[in-house]
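One letter stands for each residue in the lines below.
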Amino acid sequence: MAIRNTQKLLGRFNKSINTSAVAITSSSSSSVPDLPEKKSVADSFRTEKKRNEQILDLENGEKLFSSIKTSYLMKSLMNQYLVSYDPIVDIGIWVMKSRLMETMVFKSLILGVVKHTFYDHFCAGENLNEASKTLETLWDVGLKGIMDYGLEDANDNFSCDRNLSEFLKTIESTKFLPPSSVSSACVKITAICPISLLKRVSDLLRWEHKDSSFHLPWKIDTFPMLSESSPFYHTLTKPNHLTSVEEHDLEQAHERLLQLSEKCLEMNLPLLVDAEYSSVQPAIDYLTYSSMIKINRHEIPIVYGTIQAYLKDSKERLLLATEAAEKMGVKVGYKLVRGAYLSSELQLASSLGCTSPIHNTIQDTHECYNECASIMLEKVANGTGAIVLATHNLNSGRVAAAKAQELGLGKSNPKLQFAQLKGMADGLSFALKNAGFQVSKYLPYGPVDMVIPYLLRRAEENRGMLSTSTIDRELMKNEVLRRFKASIRSPK
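Residues numbered from 1 in each chain as written. Predicted model: local features only at pLDDT ≥ 70, side-chain atom pairs only at ≥ 80, totals over all residues. Heavy atoms only, no water.

The protein chain goes by Proline dehydrogenase in an unreviewed UniProt entry, where it is assigned to Papaver somniferum. Recorded in UniProt for the protein chain, the comment headed Sequence similarities (unreviewed entry) runs: "Belongs to the proline oxidase family." (UniProt positions renumbered as here; feature names shortened; annotations may be inferred.)

Here it is as structure tokens:
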């Protein structure tokens, strides 16, 4: 049904474009009669769409899921249907945030249910050993893994040091896994720098951007983190300078990220730094870019930042940062995502009576994502950058694959990767893999109760991905039905 509705919408869109094209041709033919005949906009659209579809085969479910067991497809279908049903998501979010979680009996019961449903679907395991087994299963079907110790929001230096130790263990463990099975490691700055300090540093960076005479004595070399279109409503009054203790804590955060970066450099393993809320993103970018300048001096970047395409300022910030990096001779790497903090960003802006930092429409976000992807693919082609295209959107996958082919980028190029979350957009993952591209699944792991913030975000994010997940579910459902019918028809 979802596919038929999509086809109808495309048909109406094509008809509308044809009508516009005919009107334009009719109105201009009398004044310029000798111009050679050109293709209509609709013809160009269809040609481009057909060319993109030829690169990725998303129609043949039997081929897409040939390496996947039927039991996995059925379990995946069930979980995706659950997280796409708003009442279930609302109840789940309410329960996990409620005081019921403070009662031991209820907490044990709830965590047990979560572990055997959403947790198993989206996460790789409770510890490094379980995550490694999940990774090997992916490797067997031709996919790589992005290892992520899924903890967030440390509040003190003790928690930061504990999390750093776990991140280092994750990186070290990749030596014992199949060669090339791990495409990247992952770190959240909120796990190695106190969240309160990130907010303070972000306030100071925003104020410095507004007032060039505002001096930050602790600031070291970095790239631009803000643009004229960035949101500044988080910092309405001039903030106090960092105390000596805060400056020391910031230096420790620098050292933690550098320690991780140097370990990844030693092992030639890219390190993806996750993006977070806009309230703390300037500080995250500051730490990330400072590490890039020190580490990314070789042909292949090690430290990657993250661009969230749902933010109105994302393309402008990307252009400013890459331009500065090229002038300094630094290779830049980015993970490009749409973004996972939609609700909280909208609520904060609304509460302050400010314009949302998020694009006004989902189509604007799609266009921004594709434009940023195109910019970075060109950087890959000219040797100045690298990109991890993290997307669950089928059209963005097709457009990026077509652009990569147009630029002559080799599909084994280590500077070009595609990625999807574990448990989501499996059809796109396998279509890209079958087309020869390098594809990874994002593998968060950790104790169930400690990765609940991640699971809550996955549940809320899935609300905005219904069109993509619907198509993916349709592909899996059709393949399960095909296998069921084949088993009935096969001779006993």
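This is not the end of the story, as more comes after the structure.
(A) Fine view of the pattern of salt bridges. Taken as a whole and assessed by the stated rule, the structure comprises 28 salt bridges. The shortest N-O distance in the salt bridge between lysine 263 and glutamate 172 comes to 2.7 Å. Note that lysine 263 is positioned in helix H10 (residues 244–267) and glutamate 172 in helix H8 (residues 157–173), a separation of 91 residues in sequence. Its salt-bridge partner being arginine 482, residue glutamate 479 comes within 2.9 Å of it at the nearest N-O pair. Note that glutamate 479 and arginine 482 are positioned in helix H18 (residues 466–489) at a spacing of 3 residues, about one turn of the helix. Taking relative accessible area as the criterion, glutamate 479 reaches 2% and is therefore assigned buried. (Salt bridge = Lys/Arg side-chain N within 4 Å of Asp/Glu carboxyl O. Helix = DSSP H or I, 4+ residues; strand = E, 2+ residues; numbered from the N terminus. Buried < 20%, exposed > 50% of the residue type's maximum accessible area, 1.4 Å probe, protein only.)

(B) Seen up close, unusual backbone geometry. At serine 180, a position not held by glycine, the phi torsion is positive, near 70°. Structurally, the position occupied by serine 180 is in the loop between H8 and strand E2 (182–187).

(C) Focus on the packing of helix H14 (residues 362–382) against helix H15 (residues 394–406). Two elements in contact, H14 and H15, have axes whose closest approach is 10 Å; the angle formed by their N-to-C orientations is 25°. Overall, the two elements H14 and H15 adopt an arrangement that is roughly parallel. Seen from above, H14 lies across H15 with right-handed handedness. Contacts from Tyr369, Asn370, Ser374, Leu377 and Glu378 of H14 reach H15 at Asn395, Ser396, Val399, Ala400, Lys403 and Ala404. Taken together, the residues of the contact of H14 with H15 sort by class into 5 nonpolar, 4 polar and 2 charged. (Axes fitted to C-alpha atoms, helices over the stretch in contact; angles between N-to-C directions. Parallel < 35°, antiparallel > 145°, perpendicular 65-115°, else oblique. Left-handed = near helix turned anticlockwise from the far one by under 90°. Contact = heavy atoms within 4.5 Å. Nonpolar A, V, L, I, M, F, W, Y, C, P; charged D, E, K, R; others polar.)

(D) Spatial organisation of the sheet that holds strand E8 (residues 439–445). Read once around its circumference, the closed barrel built from 8 strands follows the order E1-E2-E3-E4-E5-E6-E7-E8, with strand pairing classed as parallel. Adjacent strand axes in the sheet meet at a mean angle of 30° when their direction is disregarded. One ladder, built from 4 bridges, connects strand E6 (residues 385–390) with strand E7 (residues 416–421); its direction is parallel. Residue pairing for E7: isoleucine 387 is matched across the bridge by leucine 416. (Pairing = 2+ DSSP bridges.)

(E) Geometry of H14. Taking 1.5 Å of rise per residue, 21 residues should cover 30 Å, and H14 covers 31 Å from first to last C-alpha, within 8% of that figure. Among all positions in H14, only Thr365, His366, Cys368, Tyr369, Asn370, Cys372, Ala373, Ile375, Met376, Leu377, Lys379 and Val380 are buried. Structurally, H14 contributes buried residues whose contacts are with helix H12 (314–328), strand E5 (332–337), E6, H15 and E7. Residue glycine 383 follows H14 closely and has a positive phi angle near 85°. (Expected span 1.5 Å × (residues − 1).)

(F) Main features of the packing of aromatic side chains. Scanning the model with the defined rule gives 8 aromatic pairs in all. Their ring planes at 75° and their centres at 6.4 Å tell us that phenylalanine 65 and phenylalanine 430 sit as a pair that is edge-to-face. Taken together, the residues span a long stretch of sequence, with phenylalanine 65 in the loop between helix H3 (61–64) and helix H4 (70–83) and phenylalanine 430 in helix H16 (residues 426–434) at a distance of 365 residues. You'll find phenylalanine 65 and phenylalanine 430 in the same group, each marked buried. Ring centres of tryptophan 218 and tyrosine 286 lie 5.7 Å apart, and the angle between their planes is 75°; on these two criteria the pair is classed as edge-to-face. Here tryptophan 218 is found in the loop between helix H9 (195–210) and H10, whereas its partner tyrosine 286 is found in helix H11 (residues 281–295), with 68 residues between them in sequence. Here the two residues tryptophan 218 and tyrosine 286 agree in accessibility, since each one is buried. Members of the aromatic cluster, joined through ring pairs, are Tyr149, Phe167 and Tyr445. Just above the ring of tyrosine 369 sits the side chain of arginine 338; from NZ or CZ to the centre is 4.4 Å. (Phe/Tyr/Trp six-rings, centres within 6.5 Å; stacked < 30°, edge-to-face > 60°. Lys NZ or Arg CZ within 6 Å of the ring centre and 35° of its normal.)

(G) Fine view of helix H5 (residues 86–97). Between its terminal C-alpha atoms H5 stretches 16 Å, which fits the 16 Å expected from 12 residues at 1.5 Å a residue. Buried within H5 are the following residues: Val89, Ile93, Val95 and Met96. Buried residues of H5 fall within an arc of 165° about the axis and therefore sit on the same side. Looking at H5, the residues exposed on the side facing more than 90 degrees away from the buried face are Ile91 and Trp94. (Arc of directions from axis to C-beta.)

(H) View of the state of the cysteines. For the structure on display, the rule yields 0 disulfides. The structure places no disulfide on cysteine 160, whose sulfur is separated from the nearest cysteine sulfur, that of cysteine 193, by 6.2 Å. Relative accessible area serves as the criterion here: at 0%, cysteine 160 is assigned to the buried category. Of all cysteine sulfurs in the structure, the one in cysteine 372 sits closest to cysteine 368, which takes part in no disulfide; the separation is 4.0 Å. (Disulfide = S-S within 2.5 Å.)

(I) A look at the confidence of the model for the protein chain. Residues with a pLDDT of 70 or more make up 85% of the protein chain, whose mean pLDDT is 86. Segment residues 1–38 is flagged for pLDDT under 50; beyond a separation of four residues in sequence, or across chains, it makes 16 contacts in the model. (pLDDT = per-residue confidence, 0-100.)

(J) Fine view of the pairing of E8. For E8, the tally of buried residues reaches 7 of 7 residues, placing the bulk of the element in the interior. Burial of E8 is two-sided: the residues Val439, Lys441, Leu443 and Tyr445 facing one way and the residues Ser440, Tyr442 and Pro444 facing the other way are all buried. The pairing of strand E1 (residues 144–149) with E8 spans 6 bridges and is classified as parallel. If you follow methionine 147 over to E8, its bridge partner there is leucine 443. Of the strand pairs in this sheet, E7 and E8 are connected by 4 bridges, and their pairing is parallel. Looking across to E8, one finds that alanine 419 is bridged to serine 440.

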